[in-house]
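Given next are the chains, with one letter for each unit.
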Amino acid sequence: MENRYFEIRSNIKFLVKLEWKGTQIIEAVEKVYGTHAPKKTTVYKWILQFKEGRDDFEDDPHSGRPTSKNYENIEAARNLIEEDQRITVNQIAMSLDISYGLANSILHDNLGLSKLSARWVPKALRPDQQNLRSDLSLTLLNKIEADEEQLSPEMKLGFTSMILSPKNSQSNGSHTDLQDPSSSNLKSQLKK
């Protein structure tokens, strides 16, 4: 949302520099942004400020409830989670002296974490974690190929069910066709 306002304000400034009239600017903003366009009074306010020489697009600081969502609190929350992945949102809020809602927002929005089995885990793997997972999968595949006779049928079936063909995934999330772990294409699929 903040990016959209930044974009709208930059467009207003551009049109002011082209010396467009206020009504033309409002029409252009409404045409481009439709229902997401700011109110006319807001657009006029920004037109006036840009005509008076304002350069930045950010809102001026205003009175009200101060926010504690800053870099220090985000890093402190990250450090607390690295120390103890079972820490609760309430414990983080108390140790950082911030509200529960703000602590929750930092964890979910800024750090991209979610609670899973009482642990904070990333919603998506970082690139280094993806590479590690790929390397471990290839190592496991090499061990299985080298010692395939020693695997029980149950282990072979379990390994086979873990390797799904992406092209055969259906939109409902089920997978119909499994790749054969003995196929030569399997290693190349794991490297992707």
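What counts as what
Residues numbered from 1 in each chain as written. Predicted model: local features only at pLDDT ≥ 70, side-chain atom pairs only at ≥ 80, totals over all residues. Heavy atoms only, no water. Core = buried A, V, L, I, M, F, W, Y, C linked by side-chain atoms within 4.5 Å. Buried < 20%, exposed > 50% of the residue type's maximum accessible area, 1.4 Å probe, protein only. Helix = DSSP H or I, 4+ residues; strand = E, 2+ residues; numbered from the N terminus. Axes fitted to C-alpha atoms, helices over the stretch in contact; angles between N-to-C directions. Parallel < 35°, antiparallel > 145°, perpendicular 65-115°, else oblique. Left-handed = near helix turned anticlockwise from the far one by under 90°. Contact = heavy atoms within 4.5 Å. Nonpolar A, V, L, I, M, F, W, Y, C, P; charged D, E, K, R; others polar.

Taking an unreviewed UniProt entry as the reference, the chain is identified by name as Protein GVQW3-like belonging to Octopus sinensis.

(A) Expanded view of the nonpolar core. Among the nonpolar cores identified, the biggest contains 16 residues, and I81, I92, I98, I106, L107 and L111 are the most heavily contacted of them. Every element with two or more residues in this core is listed here: α4 (71-83), α5 (89-96) and α6 (100-110).

(B) Geometry of the packing of helix α2 (residues 22-33) against helix α3 (residues 40-51). At a minimum axis distance of 10 Å, the contact between α2 and α3 shows a crossing angle of 125 degrees. Taken together, the axes of α2 and α3 lie oblique to each other. As α2 packs across α3, the resulting crossing turns out to be right-handed. Every residue of α3 that contacts α2 at G22, T23, I25, I26 and E30 is listed here: K40, V43, Y44 and I47. Considering only residue class, the contact of α2 with α3 consists of five nonpolar, two polar and two charged.

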